[in-house]
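Next come the chains, spelled out residue by residue.
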Amino acid sequence: MSFDFTDYDPYDFANRRHIGPSPAEMGAMLALLGADSLDAFIDETVPASIRQKEPLEWGAAMTERQALDALRETANRNQNLVSLLGQGYYGTITPPVIQRNILENPAWYTAYTPYQPEISQGRLEALLNFQTMVSDLTGLDVANASLLDEATAAAEAMAMAQRLSKSKRTVFFVDENCHAQTIAVIRTRAEPLGWRVEIGDPFADLRPEKVFGAIFQYPGTYGHVRDFTEVIASLHGENALAVMAADPLSLALLKTPGEMNADIAVGSTQRFGVPMGYGGPHAAYMAVKDAHKRAMPGRLVGVSVDARGNRAYRLALQTREQHIRREKATSNICTAQVLLAVMAAMYVVFHGPEGLRAIAQRVHRRAVLLANGLKKLGYTVEPDAFFDTMTVEVGRLQGAILKSAVADGVNLRKVGTDRIGISIDERTRPVTIEAVWRAFGGEFKVEEFDTEYRLPEPLLRKTDYLTHPVFHMNRAESEMTRYIRRLADRDLALDRSMIPLGSCTMKLNATAEMLPITWPEYAELHPFVPQDQALGYKALIADLSDKLCQITGYDAVSMQPNSGAQGEYAGLLTIRAYHQANGEDHRDICLIPTSAHGTNPASAQMAGMKVVVVKSDENGDIDVDDFRAKAEAHAANLAACMITYPSTHGVFEASVAELCAIVHEHGGQVYLDGANMNALVGLARPGDFGADVSHLNLHKTFCIPHGGGGPGMGPIGVKAHLAPYLPGHPATGGSEGPVSAAPFGSPSILPISWSYCLMMGGAGLTQATKVAILNANYIAKRLEDAYPVLYKARNGRVAHECIVDTRILQETAGVSVDDVAKRLIDCGFHAPTMSWPVAGTLMIEPTESETKAELDRFCDAMLAIREEARAIEEGRIDAQNNPLKNAPHTVEDLVGEWDRPYTREQACYPPGAFRVDKYWAPVNRVDNVYGDRHLVCSCPPVEDYQEAAE
Ligand SMILES: *Cc1c(COP(=O)(O)O)cnc(C)c1O
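The name recorded for the protein in an unreviewed UniProt entry is Glycine dehydrogenase (decarboxylating), from Aurantimonas marianensis. Here is the UniProt Function (unreviewed entry) comment for the protein, exactly as written: "The glycine cleavage system catalyzes the degradation of glycine. The P protein binds the alpha-amino group of glycine through its pyridoxal phosphate cofactor; CO(2) is released and the remaining methylamine moiety is then transferred to the lipoamide cofactor of the H protein." In its Cofactor (unreviewed entry) section, the UniProt entry covering the protein states "pyridoxal 5'-phosphate".

What follows is the structure in structure tokens.
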């Protein structure tokens, strides 16, 4: 008798997990494309001139278990002490119901930015809760839906103050009590714009007539709680603006920035249930007076109505954004911190105002308790009035005390050479307070001390906050679970269907990649712990950086930028510093093609560069002659060019090496926007074909989920000559200033990209690229008879995405690209990227993760939409009353009278839609114009809900 051993390996997930099409499916797709093999197809598609010589190789792909073991071993090298280091980062307790049902739930973390409001009502409501919470706590009128971190939010506030003050003054005053990283990021932002930063004591050094604005930290980095009302009045007397960086937890007890008449408040909502993560990601906030809302950067959720007049949410005042305003945009921010804003908002829903007040009081009481013990030991504790943070004068004992605290498992903050700082948070337990006393030489028990309020009476908060019903719901966990579930169910994320967004690379975010991010050894580290406590992170960052260098052909990587746009800004600053070091300060011209992503010109402006626009030819390629002519014309002052490769039109341009050479010839540097790396990994390396610096969107190509609009990571890779000019940081050194609050941006999501690389191996990553290109070409082929596919390369191939032209439907049937996008919702899909880079078109990027069946479902839907338009063209259905114009269809449409010239069946079950698992849009088409005319950016009062329900 003989056994027939199978050679099927059930644990070989490398292909099965990440790459959608099976070998048989790929065979069928290649046949449709008339290609003999995947490699032959790739050879036809990717120009030989840019192909890399050596394959990407770093050993065998790991199985999921091996990768998780490696992540575990690395985690074990991080030491997770109790950190009372403050400075904008605090221990916090993530309510498990939020951790499991939001942070660890693909319905939330795989969603895209809510540009299609009908399929985003859940996260839009959560973000509206966030905005309401922020505006309530700060006492200001309008809050946005998050910024990248507190320091960049402060820098944005400075830029906003400058725009609003309309004065010729160029000085911005910064409170010396601001966190060090906030001061440093503000300095970085001010320098290229020609503004001067003056640092000092607001009560002694501020001369309002000399500045366009000022920022104060509240409470200060050393704990001071002071009333800025008079200082702010003096600023207003001179038409200067006042910004307050305020800790939102303290605002549960303290007089608000609004009551002090601040114009802008910024801060971090990290301590609302978002782990420190060695620096991020967390959501920063910005709130402003009503008069300033149109000048505010970042996304803003507003309330509008749908086609039935029912309440619906959507992004408001979109025209402020870089996609439209380009170099005149209020800022370059694109990806922000939606998932973390959702968590913070839910934390506040979970605790309500009474919970928040209790947490703030508990933190304050414990801080007072600690201070009382230290006083009994004979130490001087400052300041007199504090919320959660104090400093202690220790003289020469500093080193010894810090050391013995660490030995007892507690990190305290080194302040100068003779003080120690301590910040209490909601996790601080009595045993920790006793350990701190021990480090200072005292053997006390907390029971031995009384606590009292140490906040000055005039600074106590007397106004209400969080009065909206959502903050007063019954918070039994069953209700919380269902609320979170209800919101998630309103949205369409990757856990339901493909999201074929060109340029956004919405690929699989594998579960195994996601597991480590909530392990405490990654999640709970403070960004400023002694470096020997973060050796795991150090190793992970070093290895991931090394792999990214191998992938891109660059020599060094900075992990600091928190988004692609922030990477662009960082990369351009690196170029700027390089020119300055070469004595070429005058180089400030940046060539940018018309087709560039809106963040490119917005970032160039922030880096102090002047944008010169280069034309595209009729193929969508950069017009090489125009490019050369402009490079020559500006040769003396050429700083850089920004190009995207493959082009934003989804084409491998053969001319890319030539463009790089032209820029170099005229003394400029090449910034290559790496958002499209998903078409290159393993096949071609920007560093080889002439680029000097690129950002990589780890939240696109490297599997970090999009989170509904963030978090992201936009590290930059550079050639060796630029390496000395990469961003530095007060905590880690370097000659240049930082672009983010934390030295490594948002490190706690780096395990995702690292485990992706480990589990794919170099060969797996290369295969992913090939299949991404195959999938895009398959869609282009299936759709090309129905819709013109714009911009193919010579041999008729596209790269990893394709643009289909829906403008023909507008001409023949009055069907707009919007109609197509909304009808796709009925079919159960998120629309592709709309009207970018070409107005009236759809840009489709399927990624390698989608199976042939899913691609076919999408193509079937698109083809059926073409036929529906044909019915209009041929007069078989009314041009206004038809499935396209009425899309998306809701359950509301089906109840009651049905008087439309098409059936309910046609309305709700077009090709693509699942019968049993049908996705029902919760609202009909949302009216954007109405919402911008009647701007409401916080939760509407309950009566309104009742009205809408009636
Ligand atoms: C996504 C994208 C960016 C911006 O990245 P963010 O992380 O959203 O800031 C820049 N350029 C291109 C081509 C992109 O697709």
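There's more to say after this.
**Student:** Quick question: what am I supposed to make of unusual backbone geometry here?
**Tutor:** If a residue is not glycine, its phi is most likely negative; likewise, a peptide bond is most likely trans. Here the residue pair Tyr218 and Pro219 is connected by a cis peptide bond, since its omega of -15 degrees sits within 30 degrees of zero. Here Pro219 shows up in the loop between β5 (211–218) and α10 (229–237). Note that the residue after Tyr645, namely Pro646, is joined by a cis bond; omega there is -10 degrees. Mapped onto the fold, Pro646 is located in the loop between β19 (638–644) and α22 (656–665).

**Student:** Mind showing me how you'd approach the nonpolar core here?
**Tutor:** Nonpolar side chains in soluble globular proteins tend to end up buried together. In terms of nonpolar packing, the biggest core is built from 234 residues, with Phe216, Ile422 and Phe440 touching the most fellow members. A total of 22 residues in this core trace back to one element, the largest contributor, which is helix α12 (residues 338–376). Those residues in contact with Ile422 that sit more than four places away from it in its chain are Leu84, Leu370, Leu374, Asp388, Thr389, Met390, Val392, Leu412, Val436 and Phe440.

**Student:** I keep staring at helix α4 (residues 64–76) and nothing clicks. Help me out?
**Tutor:** Given 3.6 residues per helical turn, the α-helix brings residues three or four places apart onto the same face. Over its 13 residues, α4 extends 18 Å from the first C-alpha to the last, a length consistent with the 18 Å expected when each residue adds 1.5 Å. Buried within α4 are the following residues: Ala67, Ala70, Leu71, Thr74 and Ala75. Buried residues of α4 fall within an arc of 140 degrees about the axis and therefore sit on the same side. Structural note: α4 exposes Arg65 and Glu73 on the side pointing more than 90 degrees away from its buried face. On its buried face, α4 is in contact with α17 (520–523), α18 (535–552) and α23 (750–783).

**Student:** What is the right way to read the layout of surface pockets from this model?
**Tutor:** To find leftover empty space, a probe the size of one water molecule is rolled over the atoms. Roughly 750 Å³ of volume is contained in the second largest pocket. Lining the second largest pocket are 35 residues, and of these Gln87, Phe528, Val529, Pro530 and Ala731 sit closest to its centre. In the lining of the second largest pocket, the residues fall into 21 nonpolar, 9 polar and 5 charged.

**Student:** I would appreciate a short explanation of the site of the ligand in the present structure.
**Tutor:** Among the 14 residues in the neighbourhood of the ligand, the closest are listed as Thr335, Ser503, Asp673, His699 and Lys700. Measuring from an oxygen atom of the ligand, one finds a backbone N or O atom of Ala565 at 2.7 Å. Side-chain polar atom of Asn697 to an oxygen atom of the ligand: 3.1 Å apart, as the coordinates give it. Taking 380 Å² as the accessible area of the ligand by itself, protein coverage stands at 98%. Among the elements that make up the shell around the ligand, the one with the highest residue count is helix α19 (residues 564–581) (3 residues). Of the residues contributing to the shell around the ligand, the split by class is 3 nonpolar, 8 polar and 3 charged.

Reading guide: rules and limits
- Residues numbered from 1 in each chain as written.
- Predicted model: local features only at pLDDT ≥ 70, side-chain atom pairs only at ≥ 80, totals over all residues.
- Heavy atoms only, no water.
- UniProt positions renumbered as here; feature names shortened; annotations may be inferred.
- Helix = DSSP H or I, 4+ residues; strand = E, 2+ residues; numbered from the N terminus.
- Core = buried A, V, L, I, M, F, W, Y, C linked by side-chain atoms within 4.5 Å.
- Buried < 20%, exposed > 50% of the residue type's maximum accessible area, 1.4 Å probe, protein only.
- Contact = heavy atoms within 4.5 Å.
- Expected span 1.5 Å × (residues − 1).
- Arc of directions from axis to C-beta.
- 1 Å grid on protein atoms, 1.4 Å probe; cavity = no way out; pocket = protein on both sides within 12 Å on 5 of 7 lines; lining within 4 Å.
- Points joined across faces, edges and corners; volume = space filled by probe spheres on them.
- Nonpolar A, V, L, I, M, F, W, Y, C, P; charged D, E, K, R; others polar.
- Near = heavy atom within 4 Å.
- Polar contact = N/O pair within 3.5 Å; in protein donor to acceptor, adjacent residues only side chain to side chain.
- Areas by Shrake-Rupley, 256 points an atom, 1.4 Å probe, with all protein chains shown as cover.

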